[in-house]
Amino acid sequence: MVNGQHDHICWGGGQHHHTHHHLVLRGVTAGYASIPALDAINLQASCGHTLALMGPNGAGKSTLLNVLAGLLPPWHGEILWHNTPLAEHRHEIAYLPQRSEVNWQFPITVRQLVEMGRYPAVGVWNPLRQHDREIVEKALCTLGLQDLQKRQIGALSGGQQQRCFLARALAQEAHILLLDEPFTGLDVPGSEALAALLRSLASEGRLVIASHHDLATAPQIFDQAMLLRRQLIAVGSVADVLTPENLNRAFNRA
Amino acid sequence: MNEFIQFLHEPLAQRSLWACGVIGFSNGFVSALVVLRRSSLQIGTLSCALLPGIALAILIFGLFQLSILLGAVMAGLMVGLGSLFVSRTSRMDHDTALSVLHTTAFALGYIILIGLGLQQKVDDWLFGSIMSMGNADLWIAYCIGAIAVLSITALQRPLLIALFDPRAAATMGIPTRALNYGIFALIILVLVSSLQAVGAFLTLGLLVAPAATMYLLTDRAAWLFWGGGLIGGLGAIAAFFLSFPLGWHLGATIIVVLGTLFLLAYIFSPRYGLLRHRKK
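For the structure given in this document, a descriptive report is provided here.

What counts, and at which threshold
- Residues numbered from 1 in each chain as written.
- Chains lettered and ligands numbered in written order.
- Predicted model: local features only at pLDDT ≥ 70, side-chain atom pairs only at ≥ 80, totals over all residues.
- Helix = DSSP H or I, 4+ residues; strand = E, 2+ residues; numbered from the N terminus.
- Rg over C-alpha atoms; globule rule 2.2 N^0.38 Å.
- Buried ≥ 20, exposed ≤ 12 C-beta atoms within 10 Å, placed from the backbone.
- Contact = placed C-beta atoms within 7 Å.
- Nonpolar A, V, L, I, M, F, W, Y, C, P; charged D, E, K, R; others polar.
- Pairing = 2+ DSSP bridges.
- Axes fitted to C-alpha atoms, helices over the stretch in contact; angles between N-to-C directions.

### Considering the overall build of chain B
Tallying secondary structure elements over chain B gives 16 helices and 0 strands in all. A compact globule built from 280 residues should have a C-alpha radius of gyration of about 19 Å, and chain B, at 19 Å, falls within 12% of that. Overall, chain B is about 60 × 50 × 35 Å in size when its C-alpha atoms are taken along their principal axes. Each of the 280 residues in chain B was classed as buried or not, and the buried ones make up 46%. Long-range contacts, defined here as pairs at least 24 residues apart, represent 71% of the contacts in chain B between residues at least 6 apart.

Quick look at the structure:
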């Protein structure tokens, strides 16, 4: 991919890029107070993939999401995107909160939620222009939310609520989607629909990274996985990562 | 009745009427922030800290025009330090530690203020006294209202994102921490005016009920601000006209009117009212 050929359509705010979009983590160490939660993590991921962050409770899945989202500055190491620090590409990252963390009674409609995604582009005071409204419209269409756009978000099903936040990420024209346990609390058809959606978003050139606790469903949903237990245990295709030896190292007290 | 109409021509009455409207409006406007943040309990602790805060301010700086403002700032600091203290005393749950802390601070504040010979003032601060507001107080109330409306309106977009989804807001580059401090500062300012209107015991009602009522009526966050402001302002003015014929205490009447409006919305709201649920 170094020769400048793209094998995929790339979203991402019309950024010119001469290499394939790579997310690179080198020796990232991070934690809370003085307790390290992640130790010297290395990772290379490129857009077009769905990557599951897996590991036992307290393995550092959420910490890694926080670091990638820019919510928690790492103690050591660097995070690169387009070979430049990820922090310089903030608008290209969309963070989707866990459903249980959202105040679903908040007086906001589906459309207003999606319009929030335009904030990095329009800023504090500028009104939404025609261009912004079209992007919002397209995001709503892509996720099949046009008919629900005037509903208050609490009046939706779990799958629809998840799609609202995905629509906001699309409206943001984000290139990297960070999701915190998106499959928790969804029924089987809901999970399957969301999995298909994530795959199609990735195939359009986005990088989807999600924490995921269910080992059984991971192979059907994601094409790559990263197994963590404070340190990196394995990363690569799901089949290569979720081997009995690796799982033993991650989940058993050795 | 004639007596009341005559009273309305007095500058004192007109000043009080304006004060009701302005203080009700600015508190109602800011109450949207309190309701959207779901932090009414935090505001409760803040209003509990007002009396000891004022006592501390008078002890340090003496009694003068801005004592109440300084006192409210002190109260804010005390709540901040208090929560720090609570987080350090990890053996106890927050509610327990804060309850002990607040009642003790409140009692100490009361003793200090009575000891300073401020019995009359203490009654005003506990239950409010719009009638005793001077022209300067009224101007301060106007300024506070203007600051609240201007700052919230100007920053409404990032504010709503940060209130709804603070983590996503931070990834979008919104300075959520600075906004939180700003909200806290604004609430302290507004408490200063509501302390004069309804007193320390009842400020919580003025800072929650208006937007809580709107919450039952609309799905648009932006309407909570203006709607809350209108409910707060008109409710306080209505209370002014009710309190005289009925002979009720003005501050208490304001809270009763706002509480009644909330109950009405709770029962009759076309969207979320009790009766609406029955039909389903």
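### A closer look at the interface of chain A and chain B
Contacts between the two partners involve 17 residues from chain A, matched on the other side by 20 residues from chain B. Sorting the residues of the side of chain A that touches chain B by element identifies β6 (93-96) and α3 (119-122) of chain A as the ones contributing at least two each. For the side of chain A that touches chain B, the class distribution of residues is 12 nonpolar, 4 polar and 1 charged.

### Re the sheet that holds strand β2 (residues 35-46) of chain A
Residue and element names in this part refer to chain A. Strand order across the open sheet formed by 4 strands is β2-β1-β4-β5, with antiparallel pairing between neighbours. Sheet topology places β2 and β5 (84-85) at the edges, where each strand pairs with a single neighbour. In the sheet, strand β4 (residues 76-81) pairs with β5 via 2 bridges, with the strands oriented antiparallel. Bridge assignment links W81 to a residue of β5, and that residue is T84. Relative to β2, helix α1 (residues 61-69) is tilted by about 65 degrees, and along the sheet it contacts β1 (22-32), β2 and β4.

### So, the environment of F201 of chain B
Residue and element names in this part refer to chain B. Mapped onto the fold, F201 is located in the loop between α11 (176-198) and α12 (203-206). Under the C-beta neighbour-count criterion, F201 is labelled partly exposed, with 19 such atoms within 10 Å. Taking C-alpha positions, F201 is 19 Å from D95, a pair spaced 106 residues apart along the chain. Sequence-distant contacts of F201, that is, excluding residues within four places in its chain, are made with L126 and F127.

### Brief notes about unusual backbone geometry
The phi angle of most residues is negative, glycine excepted, and most peptide bonds adopt the trans form. Residues and elements named next belong to chain A. Notably, A40 is not glycine yet its phi reads approximately 50 degrees, a positive angle. Inspection of the secondary structure puts A40 in strand β2. Unlike most non-glycine residues, H82 shows phi in positive territory, near 55 degrees. Along the polypeptide, H82 turns up in the loop between β4 and β5. Here H82 falls in the buried class, since 21 other C-beta atoms lie within 10 Å of it.

### Comments concerning the sheet that holds strand β7 (residues 176-179) of chain A
Residues and elements named next belong to chain A. The 6 strands lie next to each other as β6-β7-β8-β3-β9-β10, forming an open sheet whose pairing is mixed. The two strands at the open ends of the sheet, each matched to only one other strand, are β6 and β10 (231-237). On average, adjacent strands in this sheet sit at an angle of 15 degrees to one another, irrespective of strand direction. Inspection of the sheet shows strand β3 (residues 50-54) paired to strand β9 (residues 224-229) by 4 bridges, in the parallel sense. Note on β9: the bridge partner recorded for L53 is M226.

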